[in-house]
Amino acid sequence: MNVKSIAMAAIVAIASPLLTGCQQDNETDMTDNSASTAQDILNVKPINGNIADIDGYGMLVPSFTPSDLLKAGFEYSDLLDVKIGENITLHNVPFVTGFNEVGVFETCFCDYNAEGKMYGFGLLHGNFSERIGGKIGDKIEISLAKHNGYKETWEVMKSIYTPNRSDYSSDEVFANFREVKTTGMASGVLYRSSNPLNPKDNCVRYAYVDKLAAQAGIKTEIDLADTNEKIANYRNMDGFTSPYCLQLFDEGSTIALGLTADVYSETFMKKMGEGLRFMLNREPPYLVHCNEGKDRCGFVIILLESLAGASYQEVADDYMQTLINFYKIQKDDASYNLRKSLSVDRLVWLFENLSEVDDFAKIDWTGKNPASVDIQKAARDYVIKCGLSEEECTKLQQKLQGK
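Residues numbered from 1 in each chain as written. Predicted model: local features only at pLDDT ≥ 70, side-chain atom pairs only at ≥ 80, totals over all residues. Heavy atoms only, no water.

(A) Expanded view of the overall build of the protein. Within the protein, the regular secondary structure consists of 17 helices and 12 strands. Relative to its 403 residues, the protein shows a buried fraction of 58%. Contacts spanning at least 24 positions in sequence make up 73% of the contacts within the protein whose residues lie at least 6 apart. (Helix = DSSP H or I, 4+ residues; strand = E, 2+ residues; numbered from the N terminus. Buried < 20%, exposed > 50% of the residue type's maximum accessible area, 1.4 Å probe, protein only. Contact = heavy atoms within 4.5 Å.)

Right, here's the structure in full:
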């Protein structure tokens, strides 16, 4: 991707949510968001460093931390200009606290959950390092493009949650655990949740998921996030307790796929094909999860629901239920429709338009209608791209339908 396309991708990150979800005119927006003056910019000096790491999702992790940015005068909701190496220039990149505070295939600098633990330059549902670029050791510079330039959208989209059970209405909501009950899906066949085996990235919640999985009688686990090696490490952590799902793993009833977040990449599809074949050779009830049961899991559940015969509205409602569970938004909140349009609606539209992903920076999301997508056909096409035959695809569909 050339620099012009990269810059366009960053601009889309700002224009799309503002145009979709905000009704104020430019003059009001400038006032409400405390738009920067020349003095603001002079008071915030650029931050320089290099790419220290690239994580398993393709996120570029810089040598400086979110704390360094905050100490230098940057704030969450600022728009950043970013230079990476010799050839990559990004304009108006939001500084946020959750990757899904921007839209699918939009860039951000994220300090996840405002904790300073998982942070870097990400591309929602994409692999930043592969689709945009950057390698370990590249020089990187951040400067302020617009103070609080993303504030209006960020205030609506802010995605911070707690690990405290007492903050949630039930064990199921806390664990993001539920049965999938969309049209075509047989009763008791498919469940989704956050991770029952990862006390590091799903602390406290994981033990609740394990208990709920036992109650549901889960027989087969599709772990999108972990590898066998990671699970072996988890079981040796102090205080680890997940007896039911650990038994499934030890019995060979769990497949640990270790998927990236780039759901339309060949790497993801190849691994996903392994997971779907595993389901074909095992009996339900199935449990599908990533770490939070939100992004990778959300996409795979869209795939399976669609294959079984769900409508677009059912798919969208189920996807959004996870955001309701984690962030306590409601359908009548300002953020609901904005989040829906930036996440599940884009995923569904791309489901039928996979070729558009290769040049994602040029996608004009205005007027795209996910409700017009033939999602069952799109699901079959995707499954076949994952390497399954037509016969295997039909067999998977029938398993989900309880036939």
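Back to the text.
(B) Fine view of helix α16 (residues 375–385). Those residues of α16 that fall on the buried side of the exposure criterion are Ile-375, Ala-378, Ala-379, Arg-380, Tyr-382 and Val-383. Buried-residue contacts for α16 involve α11 (266–280), α12 (296–308), α13 (312–327), α15 (344–351) and α17 (390–400). At the C-terminal side of α16, Gly-387 shows a positive phi close to 110°.

(C) Seen up close, the pattern of salt bridges. What the rule picks out here adds up to 18 salt bridges. Two residues, Asp-138 and Lys-135, come together in a salt bridge whose shortest N-O distance is 3.0 Å. For Asp-138, a relative accessible area of 13% translates into the label buried. With a shortest N-O distance of 3.0 Å, Arg-235 and Asp-250 are connected by a salt bridge. Taken together, the residues span a long stretch of sequence, with Arg-235 in the loop between α9 (228–234) and α10 (243–250) and Asp-250 in helix α10 at a distance of 15 residues. Given a relative accessible area of 33%, Arg-235 falls into the partly exposed group. Beyond isolated ion pairs, a larger network of salt bridges with shared partners links Arg-178, Arg-192 and Asp-318. (Salt bridge = Lys/Arg side-chain N within 4 Å of Asp/Glu carboxyl O.)

(D) Broad picture of the pairing of strand β4 (residues 88–96). Looking at chain direction, strand β3 (residues 79–84) and β4 are connected through five bridges and run antiparallel. Paired with Leu-80 across the strands is Val-93, a residue of β4. Between β3 and β4, which pair antiparallel one after the other, the connecting turn spans three residues, and Gly-85 there sits at a positive phi close to 60°. Two elements, β4 and strand β5 (residues 107–111), share two bridges in a ladder whose sense is parallel. If you follow Val-96 over to β5, its bridge partner there is Cys-110. (Pairing = 2+ DSSP bridges.)

(E) Expanded view of the environment of Asp-333. Mapping Asp-333 onto the fold places it in the loop between α13 and α14 (334–342). Residues Asp-333 and Val-156, 177 residues apart in the sequence, show an inter-C-alpha distance of 8.9 Å.

(F) Quick look at the packing of aromatic side chains. Under the counting rule described, the total for this entry stands at 21 aromatic pairs. Between Tyr-264 and Phe-299, the ring centres sit 5.4 Å apart and the planes meet at 80°, which makes this aromatic pair edge-to-face. Of this pair, Tyr-264 sits in the loop between β11 (254–256) and α11 while Phe-299 sits in helix α12, placing them 35 residues apart in sequence. Each member of the pair, Tyr-264 together with Phe-299, is buried. (Phe/Tyr/Trp six-rings, centres within 6.5 Å; stacked < 30°, edge-to-face > 60°.)

(G) Region of interest: the side chain of Asn-198. Mapping Asn-198 onto the fold places it in the loop between β9 (190–193) and α8 (205–216). Given the relative accessible area of 0%, Asn-198 is considered buried. Within the structure, Asn-198 has its side chain in polar contact with the side chain of Tyr-234 (distance 3.0 Å). A polar contact is formed between the side chain of Asn-198 and the side chain of Asn-291, at a distance of 3.3 Å. Contacts of Asn-198, omitting those with residues within four sequence positions, involve Cys-203, Tyr-206, Asp-226, Tyr-234 and Asn-291. (Polar contact = N/O pair within 3.5 Å; in protein donor to acceptor, adjacent residues only side chain to side chain.)

(H) Inspection of the sheet that holds β11 at higher detail. Across the sheet, five strands lie side by side as β8-β9-β12-β10-β11; this open sheet has mixed pairing. Unpaired on one side and paired on the other, β8 (178–179) and β11 mark the two borders of the sheet. Where β8 meets β9, two bridges bridge the pair, whose relative direction is antiparallel. Each bridged residue has a counterpart across the sheet, and for Arg-178 the counterpart in β9 is Arg-192.

(I) Geometry of the state of the cysteines. Scanning the entire structure with this criterion turns up zero disulfides. Free of any disulfide, Cys-297 has its nearest cysteine sulfur in Cys-290, 5.1 Å distant. (Disulfide = S-S within 2.5 Å.)

(J) Geometry of the nonpolar core. Counting 107 residues, the largest nonpolar core has Leu-224, Tyr-264 and Tyr-382 as its most contacted members. Dropping the residues within four chain positions of it, Tyr-382 is found in contact with Val-263, Tyr-264, Phe-268, Met-269, Phe-299, Leu-303, Phe-351 and Leu-354. Listed in part, the 19 residues of the second largest apolar core include Ala-175, Ile-231, Cys-245 and Leu-248. (Core = buried A, V, L, I, M, F, W, Y, C linked by side-chain atoms within 4.5 Å.)

(K) How the structure looks around the side chain of His-147. Within the secondary structure, His-147 sits in the loop between β7 (139–146) and α6 (151–157). Note on His-147: relative accessible area 15%, which makes it buried. Only 3.0 Å separates the side chain of His-147 from the side chain of Asp-78, close enough to count as a polar contact.

(L) View of the environment of Lys-83. With respect to the helices and strands, the residue Lys-83 is situated in strand β3. Take Lys-83: its relative accessible area is 48%, and that puts it in the partly exposed class. It is 6.7 Å that separates the C-alpha atoms of Lys-83 and Ile-142, two residues lying 59 residues apart in sequence. When residues no more than four places from it in sequence are discounted, the contact partners of Lys-83 are Ile-88, Thr-89, Lys-139, Ile-140 and Glu-141.

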